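Structure at a glance
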Amino acid sequence: MKQPENYTGTTNDSFEPLQRTFEENFSEHNELGASVVVFQNGERVADLHAGWLDEEKETPWNKHSVACTMSAVKGPTSICLHLLMDQGHLRLDQPVADIWPEFAKKNKSSITVKDILTHRAGLPSLPSAPAGCAYNWDVIISAIEDHELIPEAIGVPAYHAHTFGYIAGEIIRRCSGMKPSDYFREQISEPFEIDYELRWRDQFFGRTADLAPPFIPPPRDVHSLAPLFEAMFCGDDWRPKLSYIFVPYLDTSHEAWRQAENPAAFGYGSAMGLSKLYAILAQGGELNGRRLLSENIVSKLSEEIWHGRELTTNGHWRYGLGFMQQTPNLMPCGPDGFGHPGNGGAMGFANPSLRLSFAYVMNRRHVSTEGMAACGPRALRLAETAIELASNQVAH
């Protein structure tokens, strides 16, 4: 089998079969540029990179390449909330209105931090929000404050695809006095040398991948995105309509997107950065002598809070405190695992029982007839191979 172009990286002997899976993604599944990085027992056991940053194949993909990981950023954002709990600034059962008084309007005073983390807050979308408000933090936060709960979504699983980021982010801002991306950078990415951020940063210049077909080429004028956001946030149907019909027009290379805060979808980073972050959790909250989260907090992340059908995508999921758990075709992290996938295929997860972390970042997005309910064959094959190989190591 011909090796992918610009192929670099290594695995240890026990993870060598992952190389073949990675190579087959290029030869058989139309991969363009991608990285997969795996840690076990705090050590990097697989570190593979290949392909191109762009469809024109002008810039090689390498170990430093980054991409927008879409909803995979929900994991790092949830870590911020758990860190605030560890720091004594927040409680799981605390009403959001205790931290953010304006949130209490329109009968939202009983919504708790746990409701936000578990997507049961009753605000999976904002039907009355102004179109195009996704790039304006103050406007969308005001819209959330003034919005009524959606009756059929109160207290039941309904994926808060974008609203999760704004609500969680405002909680972070109210507790820390910092924008969520700045809190993550000060508390996590800089001290732990994590090559991942809740939004695009200047440090990513020159190594950020472009989205690639089969997505429809996105419009370059930010004003032309208004119909998209109207479909996502507004309209008669409360569901945010985040199907692949609309996702093609999301332009992650646009300046407005890159400068905006939305820690539910606008995160950027390398596979190395995302996997290293989850490696800390796979080791009980500590890596190389530095602790991020207490063992008590980390132990709760593997606990299932709900499983079954959620209303936004009509998918059957398993979910915990801010993280998806083992869910066929969507989060193949194994029993005891937790993490988050992103629309198009990117994902990161930890599996504490295997002491394993995994991250896959790419630029050719997966398009599924199942909409948001599948991570795609490339991510699925890599994750399942990593879980199998790690399980074999533990068994021996």
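It should be emphasised that the depicted structure is a prediction, and the values quoted were computed from it without experimental measurement.

**Describing the sheet that holds strand β6 (residues 268–269)**
- One open sheet holds the 3 strands; their spatial order is β4-β6-β5, and the pairing between them is antiparallel. Each edge of the open sheet carries a strand with a single partner, namely β4 (67–68) and β5 (196–197).
- Across 2 bridges, β4 lies against β6 in antiparallel orientation. Opposite Cys68, over in β6, you have Tyr268 as the bridge partner.

**With respect to the confidence of the model for the protein**
- Per-residue confidence for the protein averages 88 on the pLDDT scale, and 87% of its residues sit at or above 70.
- Here residues 240–249 scores under 50 on pLDDT; set against residues more than four positions off or in separate chains, the count is 35 contacts.
- Contacts for the low-pLDDT stretch residues 369–373, under 50 throughout, to residues beyond four places or in other chains number 9 contacts.

**With respect to the packing of helix α2 (residues 74–86) against helix α7 (residues 180–189)**
- Look at α2 against α7: their axes get within 11 Å of each other, and the N-to-C directions meet at 75°. One way to sum up the angle between α2 and α7 is to call them roughly perpendicular. Taken together, the residues of α7 that come into contact with α2 (itself represented by Pro76, Ile79, Cys80, Leu83 and Leu84) are Tyr183, Phe184, Gln187 and Ile188.
- Along the lines of polarity and charge, the residues of the contact of α2 with α7 split into 8 nonpolar, 1 polar and no charged.

**A few points about the side chain of Thr21**
- Topologically, Thr21 is positioned in helix α1 (residues 17–28).
- Here Thr21 falls in the buried class, since its relative accessible area comes to 8%.
- Among residues more than four places away in sequence, those in contact with Thr21 are Arg381, Leu382 and Thr385.

**What about the side chain of Ser270?**
- Mapping Ser270 onto the fold places it in the loop between β6 and α10 (271–282).
- Ser270 sits in the buried class, given a relative accessible area of 1%.
- A distance of 3.0 Å separates the side chain of Ser270 from the backbone nitrogen of Gly273, its partner in a polar contact.
- If we skip the residues at most four places from it in the chain, Ser270 touches Lys63, Ser65, Val66, Asp195 and Val361.

**Points about unusual backbone geometry**
- Unlike most non-glycine residues, Asn6 shows phi in positive territory, near 60°.
- Checked against the element boundaries, Asn6 lands in the segment before β1 (8–11).
- Residue Asn6 is classed as partly exposed on the basis of its relative accessible area of 26%.
- Positive phi, close to 70°, is recorded for Asn329, a residue that is not glycine.
- Structurally, Asn329 can be placed in the loop between β11 (324–325) and β12 (338–341).
- Exposure remark for Asn329: the relative accessible area of 38% places this residue in the partly exposed category.

**Remarks on the nonpolar core**
- By size, the foremost hydrophobic cluster in this structure holds 70 residues, and its most contacted members are Leu90, Ile144, Ile171, Leu281 and Leu292.
- Among residues more than four places away in sequence, those in contact with Leu90 are Leu81, Leu84, Met85, Ile99, Val113, Ile171 and Cys175.
- Core analysis: the second largest hydrophobic core is formed by 38 residues, Leu18, Ala161, Tyr319 and Tyr360 among them.

Rules used throughout
Residues numbered from 1 in each chain as written. Predicted model: local features only at pLDDT ≥ 70, side-chain atom pairs only at ≥ 80, totals over all residues. Heavy atoms only, no water. Pairing = 2+ DSSP bridges. Helix = DSSP H or I, 4+ residues; strand = E, 2+ residues; numbered from the N terminus. pLDDT = per-residue confidence, 0-100. Contact = heavy atoms within 4.5 Å. Axes fitted to C-alpha atoms, helices over the stretch in contact; angles between N-to-C directions. Parallel < 35°, antiparallel > 145°, perpendicular 65-115°, else oblique. Nonpolar A, V, L, I, M, F, W, Y, C, P; charged D, E, K, R; others polar. Buried < 20%, exposed > 50% of the residue type's maximum accessible area, 1.4 Å probe, protein only. Polar contact = N/O pair within 3.5 Å; in protein donor to acceptor, adjacent residues only side chain to side chain. Core = buried A, V, L, I, M, F, W, Y, C linked by side-chain atoms within 4.5 Å.

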